[in-house]
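Report on the structure
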Amino acid sequence: MNRFRSRSTFIAFVAITSIAMLVSIAPAQESDWSAGLSAVKITPERPVPLAGYAARIKPSESVDQDIYATALALKDAQDHRAVLVTLDLCTMPANVGRAMRDRIMEKTRLDSAHVVLSVSHSHSAPVVSLASSDGTPTPNIEYTKWLIERASEAAEQAIAKLAPAKLSWGWGVADFVMNRRQFTDRGIILGVNPLGSVDRTVPVLRIDSADGKLRGVLFGYACHNTTNSSRSLAVSGDYAGYAKVYVRQQFPDAIPLFMMGCGGDANPYPRDGDQGSQPNVKYAPIHGEELGKEVCRVLGTKLQPVRGPLNCAEETSQLPLETPDETALEKLTKTGDSLIKPMAQQMLDMLKRGQTLNKSHAAPVCVWQFGKDLTVVQLPDEVVSGYARDVADAVGPLRLWVAAYCNQVTGYIPTRTILREGGYESRGLYDGIGWFSAGVEEMLTNVARDTAIKAGRDAYKSEGTKR
Ligand SMILES: [Zn+2]
């Protein structure tokens, strides 16, 4: 009896010790997460100026589809929290992006690296502006103030809905993205270049409840939301909005979110504008269905588990701008192309008033590192497709998702090659004054790498070509 008791005590001791060891050495699980999702409508309640196409002079006349601020809140086993708010919008001036993030930080008590905005760059969405002097020709201040509140409500609601979840990820491919830098006798125009670079990846993050029901899906694509032409005066999320509608039709209980990739030099193909400038919406639902179908196909495959912990880092890069002297600017006001001429004149006027030209453009770079399983790099502004490869080269291509159009959308960030070639994407800032110098590519890539390392990515292990 004694012997039996002592043996059972020993077995119990071994069992307890084993459990304790299991607890202390157990690797993070994909089920160690909590997630919360919410979608808040940001469709304007009255006609507003639409952003993106300079040719548009009239405000919105109708609503083709509602637009949303859609939020994903995450919490890991150590209570690290973060919230992503994706927006069916076109641009995001730096001061508005900052004000929106500050409002969300105030409401959620998260710090800046843990609050990220993602802008879909829909050209059928309202102008966003808090001041007429920020370079936006048609301010839309009342809408913008309302928008900031709606976006912060979305973040707050997502955090309030945090519930046990499992995360996993994978990627697919969609084919309607097209490099738009067409070489012609007149120089590089906004057209169709089948030889040019694009990123056709469709990254997919799957969010399941603890019992395995799909609750949300975050997906990306690196392509301008410019399927609808400038003749259309209807509010819409463009192809990304239609892709979300498609996913929602297949999974009515799940909330889809779209995060734009490095598509600064990429348009959908074809576009409504390619077909004789018809004002009606034709191709956006077709592209949206193609993207949505691919997202759903990926959801049906065996995805890779995404475990914690979640580490978020943010660094502000100071991207170098050209600072030409008066003689060079005088020359550009006469010989520059139609994009450079007015900016050169503005810069010349500044110098004549005794002001100095900006030497750099502040651009926040965020990285969310999910354990050893996934790195999400969130670049700002209209980053062109070459950066998807640059960042993969800098940090290694595996378990990597490179997004752009995050936190601010204030101008094009070109590569060294695009700066040499010229064309629309070399034009610089539309939400400020200046254009980039050749060091921009190396600097942004280096800041992305450093921020990824700060967030915990082991950037120096390139493990072959499989993702
Ligand atoms: Zn653009």
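Residues numbered from 1 in each chain as written. Predicted model: local features only at pLDDT ≥ 70, side-chain atom pairs only at ≥ 80, totals over all residues. Heavy atoms only, no water.

This brings us to helix α4 (residues 238-250). The α-helix winds at 3.6 residues per turn, so residues separated by three or four positions along the chain end up facing the same way. Over its 13 residues, α4 runs 19 Å from end to end, which matches the ideal 18 Å to within 8%, given 1.5 Å per residue. Against the buried residues of α4 lie β3 (68-75), β11 (214-221), β13 (255-260), β14 (266-268) and α5 (283-299). (Helix = DSSP H or I, 4+ residues; strand = E, 2+ residues; numbered from the N terminus. Expected span 1.5 Å × (residues − 1). Contact = heavy atoms within 4.5 Å.)

Structurally, S152 can be placed in helix α3 (residues 141-160). On the basis of relative accessible area, S152 is assigned to the buried category, the value being 0%. (Buried < 20%, exposed > 50% of the residue type's maximum accessible area, 1.4 Å probe, protein only.)

Moving on: the confidence of the model for the protein chain. In low-pLDDT segments, the atomic positions of the prediction should not be examined closely. With 90% of its residues at a pLDDT of at least 70, the protein chain reaches an overall mean of 90. The low-confidence segment residues 1-24, where pLDDT is below 50, has one contact with residues more than four positions distant or belonging to other chains. Contacts for the low-pLDDT stretch residues 462-467, under 50 throughout, to residues beyond four places or in other chains number 13 contacts. (pLDDT = per-residue confidence, 0-100.)

This part covers the coordination of the zinc ion. Taken together, the protein ligands of the zinc ion are H121 (NE2), H224 (NE2), E382 (OE), E382 (OE) and Y412 (OH), with distances of 2.0 to 2.7 Å. Classification of H121 as buried rests on a relative accessible area of 2%. On the basis of relative accessible area, E382 is assigned to the buried category, the value being 1%. (Donors = N, O, S within 2.8 Å, 3.2 Å for Na, K, Ca; no water.)

This next bit is on the nonpolar core. V83, V85, L87, L89, Y221, L291 and L379 are the most contacted members of the largest nonpolar core, which totals 88 residues. Broken down by element, this core gets its largest block of residues, eight residues, from α3. Residue contacts for V83: discarding those within four places in its chain leaves A71, L72, A73, I104, L110, H114, V115, V116, A155, I159 and W368. I207, M259, L310 and F370 belong to the second-largest nonpolar core, a separate cluster that totals 29 residues. (Core = buried A, V, L, I, M, F, W, Y, C linked by side-chain atoms within 4.5 Å.)

Moving on: helix α10 (residues 440-455). Its 16 residues give α10 an end-to-end C-alpha distance of 22 Å, which sits within 8% of 22 Å, the value for a rise of 1.5 Å per residue. Every buried residue of α10 is accounted for by V440, E441, L444, T445, V447, A448, T451, A452 and A455. Looking straight down α10, one finds that the buried residues subtend no more than 160° of arc, so they occupy a single side. Phi turns positive, to about 115°, at G456, one or two residues after α10. (Arc of directions from axis to C-beta.)

Considering all chains together, one arrives at 25 salt bridges under this definition. Salt-bridge contacts for K293 lead to E289; the nearest nitrogen and oxygen are separated by 3.1 Å. Of the two residues, K293 and E289 both sit in helix α5, four residues apart, roughly one turn of that helix. Classification of K293 as partly exposed rests on a relative accessible area of 44%. D450 is the partner of R449 in a salt bridge, and the nearest nitrogen-oxygen pair spans 3.1 Å. When its relative accessible area of 23% is taken as the criterion, R449 is described as partly exposed. (Salt bridge = Lys/Arg side-chain N within 4 Å of Asp/Glu carboxyl O.)

Next up on the list: the sheet that holds strand β17 (residues 360-370). Strands sit in the order β16-β17-β18-β20 across an open sheet of four strands; the sheet is mixed. With partners counted over all chains shown, the strands left at the sheet margins are β16 (310-320) and β20 (400-403), one partner each. If you compare each strand with its neighbour and ignore which way they point, the axes differ by 15° on average. Running at roughly 140° to β20, helix α8 (residues 386-395) makes contact with β18 (374-378) and β20 of the sheet. (Pairing = 2+ DSSP bridges. Axes fitted to C-alpha atoms, helices over the stretch in contact; angles between N-to-C directions.)

What follows covers the packing of α4 against α5. Relative orientation of the contacting elements α4 and α5 amounts to 50°, with a least axis distance of 7 Å. Regarding the angle of α4 to α5, the classification is oblique. Considering how the two elements wind past one another, α4 and α5 form a crossing that is right-handed. Residue-level contacts link D238, Y239, Y242, A243, Y246, V247 and Q250 of α4 to A284, P285, H287, G288, E289, L291, G292, K293, V295 and C296 of α5. Within the contact of α4 with α5, the residues separate by chemical class into ten nonpolar, four polar and three charged. (Parallel < 35°, antiparallel > 145°, perpendicular 65-115°, else oblique. Left-handed = near helix turned anticlockwise from the far one by under 90°. Nonpolar A, V, L, I, M, F, W, Y, C, P; charged D, E, K, R; others polar.)

Successive residues of a regular strand alternate their side chains across the two faces of the sheet. Of all eleven residues that make up β17, nine are buried, and the element is covered over most of its length. As paired strands, β16 and β17 are joined by eleven bridges and run antiparallel to one another. Bridge pairing in β17 places E315 opposite V365. Across five bridges, the pairing between β17 and β18 is antiparallel. Bridging across to β18, C366 finds its partner in Q378. The turn linking β17 back onto β18 is made up of three residues, and G371 within it adopts a positive phi angle of 50°.

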